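Structure assessment
As a plain string of letters, each chain reads:
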Amino acid sequence: MAAYETQGFRLDDSGQRVVVDPVTRIEGHMRVEVNLDENNVIRNAVSTGTMWRGLEVILKGRDPRDAWAFVERICGVCTGCHALTSVRAVEDALGIQIPKNAHLIREMMAKTLQVHDHAVHFYHLHALDWVDVVSALSADPRATSELQQVVSPSHPLASRGYFRDIQNRLKKFVESGQLGPFMNGYWGNPGYKLPPEANLMAVAHYLEALDLQKEWVKVHTIFGGKNPHPNYLVGGVPCAINIDDTGAVGAINMERLNFVKARIQEMIDFNNNVYIPDVLAIGTIYKNAGWLYGGGLSALNVADYGTYEKVPYDFSTHQLPGGAIIDGNWDDIQEIDPRDPEQVQEFVNHSWYTYPDENKGLHPWDGITEPFYQLGPNTKGSRTNIKELDEGGKYSWIKSPRWRGHPMEVGPLARYILGYMHATKGNKHCQRVKDQVDYSARMINRDIPRLLGMPDTDYGLKQLLPTTIGRTLARALESQYAAEMMMDDFNELIDNLKAGDSATANVEKWDPANWPKEAKGVGTVAAPRGMLGHWVKIKDGKIENYQCVVPTTWNGSPRDGKGQIGAFEASLMNTPVERAEEPLEILRSLHSFDPCLACSTHVMSPDGQEMAEVKVR
């Protein structure tokens, strides 16, 4: 039996050990182990990334102008996030300034991803942690219609017949025995709190989102040529933009631009009529059932780079400022600078890498990615068949990034806590965020409970936001805000084009003949899962060093040399589990981060040979 304190959490590795491997409905490969006490409450948590791809090693010695095309393949979910961050890093190193219209198109592409990613995450990856699909079979379609009209009166799909048809489709699906994405759910688990009618409503919206998401990504194909991995960042969009309708072959004309505008409006309507009401209703019901867990580090330490790109048109698209909050002092927002070697450092004390001095963290410009697979002495099992990890040793392919020595939570919840607090300090660019959060708190505490015949509550923001519910809500609010900003971007782009603004990029600085002998740069993006940074060092026209520190590296980090746990591990602490053999609550909190292990664990050796064969049962 061992109990110890770390980052405000008392860890106890006695009791029943529960292993979830693999964690599904995420991108990449992840394993989690927890210790449950006699009351089935989590008292210790160990999160591990179980793959590594070595992108940083692959990029060494290559032309920095090609880096974006490699790192874009880090993940097929994040599509252009890494490409944009990479290009920004190289542009920063070489002193390149892009035209205003290029900035607007980049923003529209990024925000399309933001909305698409958040909606797909909630409905197709995370909702099944809240929604008991089989329970929907016993719902009354009339009552479901009434519920829909209460929580979202503007949504046109709300008739009794509509929900009866959805229920019949679901019944045929279940009776066929081919449940597809609904296979292996913990249906009937007492951890589910929604009534059958709310479950049926959510299943209907699952199907609606499935149809709509394929339309939204067409914005990427128009401006980027394809999806995933669009091509638009280097050399411009694939097709010229022609708003005069002169019939130029292959041009993006007004018909295509109006199509883009229609898709943006579609995103706005879906957020307002479906996504936000669903999350508020589900969150209210779970909150009233007492399920306010999963906060972890979000009440203590949060961070985002914000609008780090110092360009004259930062706030033309209403991007949020960043910062860092530590030790739960929300009133003190500290400035964050990814260039500062004292701020961002990565440690490998419990990661399967090696440093010359593992007691010292390295800033990404000086980062080392040298694999070193060694299990701790108390590991149960073998190197190729681990039964239980030894968290006292190395146990993950994810490094441990720290901000001024602190583990941080990043993501939409971090951005919304920061944005809200910036607004209270008078930052007008964050007022929309404050309005969204205040509205949501009022709905969850008072309006929705009254509509559903539940008692009012008076939870403050520090009780509501730093929870799994709050993390899920912040993602929905960010989707709403991103779609609204995208419409602003679109209108500004059209106005610029109509005014004759056809400025093209100055590509002179892309010529290696004009490069300095040595240069270094950093690019950042507010990616769907949190703050994303790429750091590049260029020497003699080639990449000398390249490091990515991605959102899931921050959130999924293992312990550091001080024993401080990362955000995934912290979010699980003190959470009660209804059934140890059906770890629904573990998945609910982990999925609220939308983990992307493919990004964070960047299995391939530097020489390309096979390192291991893994079979997942």
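Let me sum up the structure you'll find in this document. (Residues numbered from 1 in each chain as written. Predicted model: local features only at pLDDT ≥ 70, side-chain atom pairs only at ≥ 80, totals over all residues. Heavy atoms only, no water.)

1. Observations concerning the overall build of the protein chain
We apply this condition: Strands are runs of DSSP state E lasting at least two residues, helices are runs of H or I lasting at least four, and both sets are numbered from the N terminus onward. Exposure classes here rest on a 1.4 Å probe applied to the protein chains alone. A residue is buried below 20% of its type maximum, exposed above 50%, and partly exposed in between. The Shrake-Rupley method, run with a 1.4 Å probe sphere, supplies the accessible areas, and residue values consider only the shown protein chains as cover. Here Asp and Glu are counted as negative and Lys and Arg as positive; His is not counted, and neither are the chain ends. By convention, the charge on Lys lies at NZ, on Arg at CZ, on Asp at CG and on Glu at CD.
What the protein chain contains, in helices and strands, is 17 helices and 14 strands. Considered along the principal axes of its C-alpha atoms, the protein chain spans approximately 70 × 65 × 50 Å. Per-residue burial for the protein chain yields a buried fraction of 59% across its 617 residues. When the accessible surface of the protein chain is split by element, carbon and sulfur atoms take 49% of a total near 23900 Å². Where the 63 positive side-chain charges of the protein chain centre and where its 78 negative ones centre are 1 Å apart.

2. Some words on the packing of aromatic side chains
This is how it is decided: Between rings of Phe, Tyr and Trp, where Trp is taken as its six-membered ring, a pair exists when centres lie within 6.5 Å; planes separated by under 30 degrees are stacked, by over 60 edge-to-face, and by other angles tilted. As a reminder, the over-ring test applies to NZ of lysine and CZ of arginine, requiring each to be within 6 Å of the ring centre and within 35 degrees of the ring normal.
As enumerated under the stated definition, the model contains 15 aromatic pairs in all. Summarising the aromatic geometry, the rings of Trp130 and Tyr286 are spaced 4.9 Å apart at their centres and angled 85° between planes, so their arrangement reads as edge-to-face. With a gap of 156 residues between them, Trp130 in the loop between helix 4 (100-126) and helix 5 (141-151) and Tyr286 in helix 9 (residues 254-288) connect regions that are remote in the sequence. By relative accessible area, Trp130 is classed as buried at 2%. Note on Tyr286: relative accessible area 0%, which makes it buried. Their ring planes at 75° and their centres at 5.5 Å tell us that Trp291 and Tyr293 sit as a pair that is edge-to-face. Assessed through its relative accessible area of 6%, Trp291 is described here as buried. Between the NZ or CZ atom of Lys520 and the centre of the ring of Trp365, over which it lies, the distance is 4.4 Å.

3. Quick look at the packing of helix 3 (residues 81-94) against helix 4
Going by this rule: Axis definition: a line fitted to C-alpha atoms, over the contacting stretch in the case of helices. Angles run 0 to 180 degrees between N-to-C directions. Here is the rule for handedness: rotate from the far helix to the near one, and if that takes an anticlockwise turn smaller than a right angle the crossing is left-handed, while a clockwise turn gives right-handed. Should any heavy atoms of two residues lie within 4.5 Å, those residues are considered in contact. Think of it as three bins: nonpolar holds Ala, Val, Leu, Ile, Met, Phe, Trp, Tyr, Cys and Pro, charged holds Asp, Glu, Lys and Arg, and polar takes everything else, Gly as well.
For the pair helix 3 and helix 4, interaxial distance at closest approach is 10 Å and the crossing angle is 145°. In the crossing of helix 3 with helix 4, the sense of the turn from one axis to the other is left-handed. Between helix 3 and helix 4, the residues in contact are Cys81, Leu84, Val87, Arg88 and Glu91 and Arg106, Glu107, Ala110 and Leu113, respectively. Class assignment of the residues belonging to the contact of helix 3 with helix 4 gives a composition of five nonpolar, no polar and four charged.

4. Re the environment of Arg65
Rules: Contacts described as polar in this section are N or O atom pairs within 3.5 Å, which, within protein, must combine one atom able to donate a hydrogen with one able to accept it, while residues neighboring in sequence count only if both atoms come from side chains.
Checked against the element boundaries, Arg65 lands in the loop between helix 1 (55-59) and helix 2 (67-71). The spacing of Arg65 and Ala499 is 434 residues in sequence and 32 Å in space, taken between C-alpha atoms. Not counting residues up to four positions away in its chain, the partners in contact with Arg65 are Trp510, Pro512 and Trp515. In this structure the side chain of Arg65 is engaged in a polar contact, spanning 2.7 Å, whose partner is the side chain of Asp63.

In short, shape yes, function no, at least from these values alone.
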